[in-house]
Each structure stands twice: as structure tokens, then as C-alpha cells.
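Now for the letters of each chain:
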Amino acid sequence: MSAAATPVPLSRSEVFGQLRRELFEDEEFRQSDTHIFIILGASGDLAKKKIYPTLWWLFRDRLLPEDTHFVGFARSNLTVDDIRVHCLPYLKASEAEQEKLSRFFQRNSYLSGRYGEEESFRRLDAHLGALPRGAAANRLFYLALPPSVYQDVTRNIRHTCMSSKGWNRVIVEKPFGKDLESSDRLSQHLSTLFTEDQIYRIDHYLGKEMVQNLMVLRFGNRIFGPIWTRDSVACVVLTFKEPFGTQGRGGYFNEFGIIRDVMQNHLLQMLSLVAMEKPASTSSDDVRDEKVQLYKHTQCTNAHTTNTLYTLTLTHALYAHTVHAHTVQTHTHIHTVHAHALAHCCLCVQVKVLKSVQPLSLDNVVLGQYVGEPNGEGEARLGYLDDETVPPDSSTPTFAAAVLYVQNERWDGESVSVGLCPCPCLAMH
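None of these values were measured; they are calculated from a predicted model.

Turning to the sheet that holds strand β5 (residues 168-173), a few remarks are in order. Taken together, the 6 strands give an open sheet; going across it, the order is β3-β2-β1-β4-β5-β6, and neighbouring strands pair in parallel fashion. Strands with a single pairing partner mark the edges of an open sheet, and in this sheet they are β3 (108-112) and β6 (199-202). Taken over all neighbouring pairs, the strand axes of this sheet differ in orientation by 20 degrees on average, direction set aside.

Right, dumping it as C-alpha cells:
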């Protein structure tokens, strides 16, 4: 009997080649061979640090359709060159990639306008139509914007910018509203403008490689099965830290604070992946069901479930078929997201796991606000209130730590707690 052949790992080019073959065989993708990716809020922090770099990496690795154009839209008077300069530190382009990077930005254009002004969106539609084969192109609108302008922007998109021949999709970033009431109001508003298969509510944090690998780490290694329990684990601490302050983003951050901005989406997603049971498969429905189960015992008078459509990766937003997931509302307004990893693994809506979490008490919560470090250097000397975009009397927390207890067979007991500590802080006092 011959020994089993040792599998040969695929090279980077082979992996991307396989992905390209799978993506390009999609019938829905063939609805139009031209795609336009519109970034609304192109001058913002999310666009600069996440969206443009990700689009560049997808373009570099040929994981986008050949005929794809990128259009930025925001209130600021900028040029494509300005966008390039702002994004350059985050693009991670080598010297050998500079020519390809230039070709990427040749596919880009930029318009300035007002989010609540229909005429601005008529100009945007005219610009989209003027692009090569733009009138028949598939159009994907990414709302890298605060929720306060979602209604005006989506209304203007629906009335002025929809493609008549290709498909249309709207990506809505977190936070999805400010509380249950505003979340419901936004969902109802979107449902009057778009069909559910046109709406994608996402949490970009799930695109991180470490987050996507959590399921493989846990369930692909049998050694962790018997020891990933309360008998071997004293506690789990999830920590989110950033070495910089708001940097002029105080207008957005002061309205939402660290709990809505990070804890009720990013970190609860992480909690679900750490604490959930093994799903029957990696399909979106099976993963979602296990996450729902963890929250089963939450005692919350405002519990609310609604069918929604979620996706994570920008590539999946271009190619994905309709998949439904659920959102659960608890004391801290928990949003969940649907996530598809391209390498055959789905990280989707994390709700089942949260049903076993005890209600959070104030005794297990600490809030704070960062101040400057007098002996620090540069930005480290500045506190939250030193940001000119932050009201001088603001009490918005920039630090939050909470301890949660999971009541299920795997984790039940006083010895297991989960600490969530989002802290974009320079110095805490």
C-alpha cells in the first residue's frame, strides 16, 4: 500500500487564479461586463484607510472584472491626485508595483457635491453615464458615511443614479443607526427604495485575516476541541486598541462613542467566533445558527429580530448571490453582519451565540475618555477634548471595558468571563 501523497500547497498566483475562474463563471456577474464602484464619503477616514487600499489590492491581484471604474464622491473639493496622496501610506505598494498603481488611479475619478442635494446626484449620474459603457454598467454604491445622511443619500441614489440595464447594489457601513428605533427606521426607509438583494449591511472588521481565520483555528485543530471550555480557560479577553486619537473625526465619533463604534459590532462578532459551538458546516446559515444559540438566554425586553442581507468583502459585493441573515437587538444594540470569505469559508451573522450571554450590569462596565500625555511626543500630547472637532464639554466615552458571562454548557460558571475593551487611546487617566 502506497503512502498517501502529501498535498502540495498552492502558490499565491494559483490561489488567485482559482478565485478568478470561480468569480468569472458567475452568471449574475455576466449581467454586464462593466462595473462602477462608487465610494460615497471618499474623503473620509474609512475610505482612505480601508476602501481604496482594498480596491487597489483586488485590482493588483486581478480579482476585479477587467472593465471596472472607481468614482469617489464627497463634499470636499478634491482631485484624484489628492485621493492618491491621502491613501498612499495605506496602499502598501512596492516600487515594482508603481506602474500598476498608476493604472489603478487612471480608473479613478472624483466629484464633489452635497449629500442632501438631488442636483449633485444628477451630476454624479451624468458622470457615471459618461464613463466607457457606463450607461449599461453594474453600479455598486458604498456608503462610507455617518448614518445621519443615509436617508438623503439613498433617496437620491434611488431617484437619480440607478443603472437601467446593469444591477444596482448599496453597501451600508456600520453603525447601522444609533439605537433600535433609528435602526428600524433606516431599515424601513431602505426597504421602500431597494429590494433586499440590493442591500448589503456590512462590518468591515470581519475582513481582517485574523478574524477570518478564527474558525479554522478553532475547528480545524482537534487539539482545541476538548480544552476550549470553562475547565481549561479561566477567561477570554478581547482587546481593541489604536495608537492614535480622533484626528479630526470628532464630529462623527462624538455622536456615537466607542460602544456604538466598536463594541456592539466588531467585538461582539469576535466574542461570537470565540464562544460559539462548531457549526454543521461553513455555510452561512449553519454558522449563523450557532451564533444565535449563544444569545438564547439573554433577558431583554427590547429583543427584536429582522431579516437582513449582509456581506463582508468588496469582491463578494460585486459577485454575490442573495443570502439572508438575522439581526438581534440587546441592551447595547447589537448589530450583526453577514460575511463571506472568498476562500470557501463563510463568516456570517453572529447572533446565535449571543443568546446565552447574561444581561450586562453597570457593575461590570467601566467608561473613560483619553487625555494627553504631558511628557509624550507629537499627537500623544493631545487629549480627546483637544480635537477642534470635539465639543469642549463632551463626555462621550473613548474607552469602555465590560465583562460578559456566557451561560451555556461549554462556558457556564463563575470562572468564565469575556472582557471587551475597545480603547482608541493615547493615555488614560
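So, on to the confidence of the model for the chain. Counting all residues, the mean pLDDT for the chain is 76, and 73% of those residues have values of 70 or more. Here residues 297-350 is a poorly scored stretch, pLDDT under 50, and it has 211 contacts once near neighbours within four places are set aside; other chains count. Contacts from residues 414-429, a stretch scored under 50 in pLDDT, to residues over four places away or in other chains number 82 contacts.

What follows deals with the packing of helix α2 (residues 45-60) against helix α3 (residues 80-91). Relative to each other, α2 and α3 sit at 80 degrees, their axes nearing to 9 Å. By the criterion of interaxial angle, the relationship of α2 to α3 is roughly perpendicular. Here A47, K48, K49, Y52, P53, W56 and W57 of α2 come into contact with α3, specifically with I83, H86, C87, Y90 and L91. Along the lines of polarity and charge, the residues of the contact of α2 with α3 split into 9 nonpolar, 1 polar and 2 charged.

Right, let's talk about the nonpolar core for a bit. With 58 residues, the main nonpolar core has L40, I51, L124, L143 and V153 as its most contacted residues. It is α2 that provides the largest number of residues to this core, a total of 8 residues. With residues up to four places along the chain from it excluded, the contact list for L124 reads I38, L40, V71, F73, L111 and C161.

Criteria and cut-off values
- Residues numbered from 1 in each chain as written.
- Predicted model: local features only at pLDDT ≥ 70, side-chain atom pairs only at ≥ 80, totals over all residues.
- Heavy atoms only, no water.
- Pairing = 2+ DSSP bridges.
- Helix = DSSP H or I, 4+ residues; strand = E, 2+ residues; numbered from the N terminus.
- Axes fitted to C-alpha atoms, helices over the stretch in contact; angles between N-to-C directions.
- pLDDT = per-residue confidence, 0-100.
- Contact = heavy atoms within 4.5 Å.
- Parallel < 35°, antiparallel > 145°, perpendicular 65-115°, else oblique.
- Nonpolar A, V, L, I, M, F, W, Y, C, P; charged D, E, K, R; others polar.
- Core = buried A, V, L, I, M, F, W, Y, C linked by side-chain atoms within 4.5 Å.
- Buried < 20%, exposed > 50% of the residue type's maximum accessible area, 1.4 Å probe, protein only.

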